[in-house]
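# Coordinates in review
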Protein chains: 2
Amino acid sequence: MPSGAVRQAIRCVSSSLHSTTLRAQTTMAAAMPDPLPVRQKTPLVTEVGKEPPGPAMKTNVPGRESLRLKAELDKIQNTDAVHFFVDYANSRGNYVVDVDGNIMLDVFTQIASLPLGYNHPKLIAKMSNPDNMVTFINRPALGSFPPADLVDKIRGTLMTVAPPGLQHVQTMACGSCSIEHGQKAMFMAYMRRERGGKPPTAEDLETSISGQAPGCPKLSIMSFNGAFHGRGMGALACSHAKWFHKLDFPVPDWPMAPFPKLRYPLEDFVRENEQEEQFCLEQVEDLFETYRQKGAPVVGIMCEPVQAEGGDNHASPAFFQGLQDIAAKNNGYLLLDEVQTGCGVSGKFWAHEHFNLREAPDVVTFAKKMLTGGFYYKQEQKATEAYRIYNTWMGDPSKIMMLEEVLNVVHQNDLVNNAADVGQFLLQGLLDLQKLYPGTMKNARGLGTLVAVDFPTTAFRNSVVITLRNKGVNAGTCGEAAMRLRPSLIFTKSHASVFLTYLEATLKDLIPGRKV
Amino acid sequence: MPSGAVRQAIRCVSSSLHSTTLRAQTTMAAAMPDPLPVRQKTPLVTEVGKEPPGPAMKTNVPGRESLRLKAELDKIQNTDAVHFFVDYANSRGNYVVDVDGNIMLDVFTQIASLPLGYNHPKLIAKMSNPDNMVTFINRPALGSFPPADLVDKIRGTLMTVAPPGLQHVQTMACGSCSIEHGQKAMFMAYMRRERGGKPPTAEDLETSISGQAPGCPKLSIMSFNGAFHGRGMGALACSHAKWFHKLDFPVPDWPMAPFPKLRYPLEDFVRENEQEEQFCLEQVEDLFETYRQKGAPVVGIMCEPVQAEGGDNHASPAFFQGLQDIAAKNNGYLLLDEVQTGCGVSGKFWAHEHFNLREAPDVVTFAKKMLTGGFYYKQEQKATEAYRIYNTWMGDPSKIMMLEEVLNVVHQNDLVNNAADVGQFLLQGLLDLQKLYPGTMKNARGLGTLVAVDFPTTAFRNSVVITLRNKGVNAGTCGEAAMRLRPSLIFTKSHASVFLTYLEATLKDLIPGRKV
């Protein structure tokens, strides 16, 4: 990794930035055609064509027009989570343009949900084909009246990238629904096995109507402290990241296990981290027993390959192997939630492919960059009766159609390997900055472009992200004090260099002692 | 209502149908240019332009190609709920075309989810406008990075048809999510009131992470036997219609009240039905107390204006007025789930507008024909903190864009009044058939085009629907033995006449004594 070069590049640009005022900086940034030493251009740059040369800011963010629109929207709904209003028509590639004309490098990309950045020409071409229009106009009730080309489309998209070992897939409208139905697939498989092949009894069927046992048995799913899986009641029961997700909402009493808190740099804490993971695995094992005794047996474990919302918390392949073994030993299943980690961002198409599991997870959920929600599953989790995994829309073929083009581009431009390379570059850049600014940034970590770094406090992290945005880079947050990077798949090392440059400029702004 | 004319039309066509074999019938049906006496053409007919003159069948349904595709799809997911595969490109207006070339009048329209039938020219025009493309390609994280035109689009669409008295709306991706978030809006409002304006305590925030009280308090929502609200855990906890919705799935213990079982014809059972509704309301009142004592107070009542999935069960305005009063008396809210009953099908834009409620319901959910999911709500249900009602997508602006055109057409063609007229005509036709076939069809009922009729048994109902489909009319089912009609908003009396004609031919086929 060219860490020296990165550092030099960062120094080169940031030295010309840090002594000016914020407004002056951003104006200058706007004028910067290419502030970094020339890097090897990848074919991606031509793909996104008209991408701006760099950030260019006219106002702080949110600017006046964003604030005006926010006040208007607030008459209709709570807008406290609105960051800024976007001019989608003028956003390009990795650059988002807001309604005040600010051009920002976007390393958060709609909460990790834009696979190819903004207005990718291949997606425009796909949309411009009149043959594809029918798919947008006639949304089917997919489970009962599927379109003629559904089998071909699923085979040509979702099945080409299915996690190794999983041959079944069900689309859903969003991530939360994917989770809830993935959970139900596990409950069904578990109870089918419990019944030993016998059909449900009349009492089972009858009691299920009112939601009582035995038809609706007391069962549970284990999840982890720091997890986030979505916003329906079943998804929330497995989410333990932030108070505002669940406060005031009743959820069932399901087991919450500790997720490993790894210490960084990993190479300095090998033994401690092994012990930490071992401790967590023991808790997982204990919780199976605890909830068996409580009369709410655990049918499966649900886990993110990287806990995103909870703070970009990673664990080792050994930990996930352990989860799979403990689940199996307890007749439970393993659901890996790849809503945020799938679609190539980890440097493999699915993050769990890094874990060398002895067999596929039983269920793998997806959404975000996949454009459609859904979940892969094993034969054992396949429904054996009609209308068990079902709703009116069950996804949207127009999203599968767009996914088809996304996967073409991913394949043609080798974007999964790009994510591995760029992620490594990005992480090394953060590690370098960490050394330059000890006590300010720590725990830089990543898997592909799923990269994050911690700051000393929540307040400082927030200042970093706001200052960075006002300079022209839109990043995300997660956990208590982490900055989360979720760039698109067309993010290159050039973009990464811009990010690192602006981040260092931000740090210099915020650390008084380092301002000269 | 021209019930005599309908009857005559039905007799005229069906007499030429009933003596031939099924295959011969369908071939003949295909050749029928317009089997009915000419009716006044509405402007709608020109709108849908190329709509076929009538059903035209080549095979039974599902035909060979549907069966082949079903077998292929079954390798990927359970397909027991698949009726047939659709050739969406060749479907037009109220006519769905399957992959075997069968042309069917569609009175179910993708489980009530197509507002303007298939390939409506105005929607094609909307899609063909290159300016609209950007909305399809760049799906935002709507709660944080909304598009520049979001406020205008919501004002120009959802707010123009907001239920009287409701000034707030939140879009969601699907019906289930709309329900779950609508429930959460009630839980939040309830607990905010319980806290008496004080902020949540540190203990509230902390315990919410693990899902324990007091942060996640034991609260409940009351729903009705026969209800169906969706497939997430919170929605399922309020659904009590069919065993396959909930069997094997744990759900919280929430109160289920009886829904009135009205006797028909209503005019003959005025007193009995009043008593029945009074009984149900008393149970509702009691359940508030029961669950207060159980330590899981009811924050609100959730109800469909017409129970659809559960059997098209209607109740009187007085019943819904009673629900609202009892809810208020018990400090609870009222959520009306208009996912299936909204968007004009009832003859008013929202079915609850028939109920003369003394004030607006607190929450009104929608999806299906509205193209986007979502819910309207009062100021009291508006979140007061960021990220409470939130997820990555929170709906999809491309659906709002299509809704804009749908509402234009609804307005220009007076489709809400059309639903009232056509619904009345359809219902009268069923009432007439009921008289002609006593003991075979009963309880014809309707509100706008939300029309249904019961058959003596589940098996007979199924035979009717299958035979009818093989003749060229695709209808739905619900409850134990009901046929459910959910035509599009561009369904005219001409289409209704075709339906009635084919239904009578079906009845004649299935009642041996009436075959000559």
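Quantities reported herein were computed from a predicted structural model and do not represent experimental measurements.

What counts, and where the lines are drawn
- Residues numbered from 1 in each chain as written.
- Chains lettered and ligands numbered in written order.
- Predicted model: local features only at pLDDT ≥ 70, side-chain atom pairs only at ≥ 80, totals over all residues.
- Heavy atoms only, no water.
- Helix = DSSP H or I, 4+ residues; strand = E, 2+ residues; numbered from the N terminus.
- Buried < 20%, exposed > 50% of the residue type's maximum accessible area, 1.4 Å probe, protein only.
- Contact = heavy atoms within 4.5 Å.
- Areas by Shrake-Rupley, 256 points an atom, 1.4 Å probe, with all protein chains shown as cover.
- Buried area = accessible area lost by both parts, 1.4 Å probe.
- Salt bridge = Lys/Arg side-chain N within 4 Å of Asp/Glu carboxyl O.
- Polar contact = N/O pair within 3.5 Å; in protein donor to acceptor, adjacent residues only side chain to side chain.
- Nonpolar A, V, L, I, M, F, W, Y, C, P; charged D, E, K, R; others polar.
- Pairing = 2+ DSSP bridges.
- Least-squares fit on C-alpha atoms with pLDDT ≥ 70 in both.
- Axes fitted to C-alpha atoms, helices over the stretch in contact; angles between N-to-C directions.
- Core = buried A, V, L, I, M, F, W, Y, C linked by side-chain atoms within 4.5 Å.
- Right-handed = clockwise from strand over helix to strand, strands pointing away.
- Domains from an automatic or database assignment.
- Phe/Tyr/Trp six-rings, centres within 6.5 Å; stacked < 30°, edge-to-face > 60°.
- Lys NZ or Arg CZ within 6 Å of the ring centre and 35° of its normal.
- Parallel < 35°, antiparallel > 145°, perpendicular 65-115°, else oblique.
- Left-handed = near helix turned anticlockwise from the far one by under 90°.

### Section: the overall build of chain A
A tally of helices and strands in chain A yields 18 helices and 14 strands. When burial is assessed residue by residue, chain A has 66% of its 516 residues classed as buried. Partitioning the intrachain contacts of chain A with sequence separation of at least 6 by distance along the chain shows that 73% fall at a separation of at least 24. When the accessible surface of chain A is totalled, it reaches about 17400 Å², and 53% of it is carbon and sulfur.

### Here we look at the interface of chain B and chain A
Counting from both sides, the interface comprises 120 residues of chain B and, opposite them, 120 residues of chain A. Carbon and sulfur atoms make up 62% of the area that chain B and chain A hide from each other, which totals about 10400 Å². Taken together, the connections running from chain B to chain A amount to 10 salt bridges. Note that Asp248(A) is salt-bridged to Arg388(B), the shortest N-O span being 3.8 Å. Counting across the chain B and chain A interface gives 60 residue pairs in polar contact (both at pLDDT 80 or more). A per-element tally of the side of chain B that touches chain A places helix H9 (residues 175-194) of chain B first, with seven residues. When grouped by side-chain class, the residues that make up the side of chain B that touches chain A number 66 nonpolar, 33 polar and 21 charged.

### Looking at the sheet that holds strand E3 (residues 168-172) of chain B
Sheet strands line up and pair through hydrogen bonds in the backbone, either parallel or antiparallel. Strand order in this open sheet of seven strands is E3-E9-E8-E7-E6-E4-E5 (chain B), and the pairing throughout is mixed. Each of the sheet's edge strands pairs with one partner strand only, and the pair in question is E3 and strand E5 (256-257) of chain B.

### So, the relation of the copies chain B and chain A
Here chain B sits on chain A after a turn of 180° about the axis and a move of 0.0 Å along it, with an RMSD of 0.0 Å. What we have between these two chains is a two-fold relation. In terms of C-alpha distance to the rotation axis, chain B has Met233(B) as its closest residue, with the C-alpha 2.7 Å off the axis. Interface overlap between copies is the fraction of interface residues in one copy that are interface residues in the other; for chain B against chain A it reaches 100%, indicating a shared surface.

### Description of the environment of Gln424(B)
Its place among the elements puts Gln424(B) in helix H16 (residues 415-436). Classification of Gln424(B) as partly exposed rests on a relative accessible area of 44%.

### A closer look at unusual backbone geometry
Note: most peptide bonds trans; most residues except glycine with negative phi. Here Val61(B) and Pro62(B) are connected by a cis peptide whose omega angle stands at 0°. Locating Pro62(B) in the fold gives a position in the loop between helix H3 (43-47) and helix H4 (64-73). Cis geometry marks the peptide bond from Tyr264(B) to Pro265(B); its omega dihedral reads -5°. With respect to the helices and strands, the residue Pro265(B) is situated in the loop between E5 and helix H13 (270-293). Phi is positive for Cys343(A), which is not a glycine, with a value near 65°. Position of Cys343(A) relative to the elements: it lies in the loop between strand E7 (333-337) and strand E8 (363-366). On the accessibility criterion, Cys343(A) (1% relative accessible area) is buried. Positive phi values are uncommon outside glycine, yet Leu371(B) reaches one of about 70°. Along the polypeptide, Leu371(B) turns up in the loop between strand E8 (363-366) and strand E9 (373-377).

### Topic: the sheet that holds strand E4 (residues 220-224) of chain A
Residue and element names in this part refer to chain A. An order of E3-E9-E8-E7-E6-E4-E5 is seen for the seven strands of this open sheet, with the pairing classed as mixed. Two strands in the sheet have a free side with no partner beyond their single neighbour: strand E3 (168-172) and strand E5 (256-257). The pairing of E7 with E8 spans three bridges and is classified as parallel. Its bridge partner being in E8, Leu336 is matched across the sheet by Val364. Along the sheet, helix H9 (residues 175-194) contacts E3, E4, strand E6 (298-303), E7, E8 and strand E9 (373-377); its crossing angle with E7, the most-contacted strand, is approximately 170°.

### Considering the nonpolar core
Core analysis: the largest hydrophobic core is formed by 200 residues, its most contacted members being Met370(A), Tyr376(A), Met370(B) and Tyr376(B). Contacts of Met370(B), omitting those with residues within four sequence positions, involve Leu158(B), Val161(B), Cys343(B), Phe349(B), Trp350(B), Tyr376(B) and Leu403(B).

### Description of the pairing of E6(A)
Residues and elements named next belong to chain A. Among the six residues that make up E6, six are buried, leaving the element largely enclosed by the rest of the structure. Of the pairings in the sheet, the one linking E4 to E6 comprises three bridges and is parallel in character. In the sheet register, Ile221 faces E6, and the bridge partner there is Gly300. Strand direction decides the pairing type here: E6 and E7, joined by four bridges, are parallel. Residue pairing in the sheet places Ile301 in a bridge with Leu334 of E7. A crossover connection joins E6 to the parallel E7 through helix H14 (residues 317-329); in handedness this β-α-β unit is right-handed.

### Topic: the domain arrangement of chain A
All names here are of chain A. Looking at chain A, the domain boundaries give domain 1 (25-122 + 412-511) and domain 2 (140-395). The straight-line distance from the C-alpha centre of domain 1 to that of domain 2 is 30 Å. With 26 residues of domain 1 at the contact, the number on the domain 2 side is 23 residues. When the two sides are added together, the surface that domain 1 and domain 2 hide from each other amounts to roughly 1900 Å², 59% of it contributed by carbon and sulfur. One can count two salt bridges joining domain 1 with domain 2. Measuring nitrogen to oxygen at the nearest pair gives 3.2 Å for the salt bridge that ties Glu309 to Arg484. Taken together, the connections running from domain 1 to domain 2 amount to 12 residue pairs in polar contact (both at pLDDT 80 or more). Put simply, the parts of the chain that give the side of domain 1 that touches domain 2 at least two residues each are helix H5 (109-112), helix H16 (415-436), strand E10 (442-447), strand E11 (450-454) and strand E14 (482-485).

### A closer look at the side chain of Ser239(B)
Among the secondary structure elements, Ser239(B) is positioned in the loop between helix H11 (233-237) and helix H12 (243-246). Ignoring anything within four residues of it in the chain, the contact list for Ser239(B) reads Ile209(A), Ala227(B), Phe228(B), His229(B), Gly230(B) and Lys246(B).

### What about the packing of aromatic side chains?
What the rule picks out here adds up to 37 aromatic pairs over all chains. Where Phe319(A) meets Phe320(A), the ring centres are 5.5 Å apart and the plane angle is 85°; that geometry is what we call edge-to-face. Classification of Phe319(A) by relative accessible area gives buried; the value is 0%. When the centroid spacing of 4.0 Å and the interplanar angle of 5° are considered together, the rings of Phe320(A) and Phe355(A) count as stacked. On the criterion of sequence distance, the pair formed by Phe320(A) in helix H14 and Phe355(A) in the loop between E7 and E8 is long-range, its members being 35 residues apart. The exposure classification of Phe320(A) matches that of Phe355(A), with both residues buried. In this structure, Arg139(A) is placed above the aromatic ring of Trp393(A), and the distance from its NZ or CZ to the ring centre is 4.0 Å. For the cation-ring pair, Arg445(B) lies above Tyr264(B), with the distance from its terminal atom to the ring centre recorded as 6.0 Å.

### Looking at the packing of helix H13 (residues 270-293) of chain A against H14(A)
All names here are of chain A. In contact at an axis separation of 10 Å, H13 and H14 are set at 15° when each is read in the N-to-C sense. Between H13 and H14, the crossing angle belongs to the class labelled roughly parallel. Between H13 and H14 the crossing geometry is right-handed. Together, Glu277, Cys280, Leu281, Val284, Glu285 and Phe288 of H13 and Phe319, Gly322, Leu323, Ile326, Ala327 and Lys329 of H14 make up the contact between the two elements. Of the residues belonging to the contact of H13 with H14, the class tally is eight nonpolar, one polar and three charged.

### Some points on the pairing of strand E10 (residues 442-447) of chain B
Residues and elements named next belong to chain B. Bridge count between E10 and strand E11 (residues 450-454): four bridges; the pairing is antiparallel. Each bridged residue has a counterpart across the sheet, and for Leu447 the counterpart in E11 is Leu450. Counted between consecutive antiparallel strands, the loop separating E10 from E11 contains two residues, among which Gly448 sits at a positive phi close to 60°.

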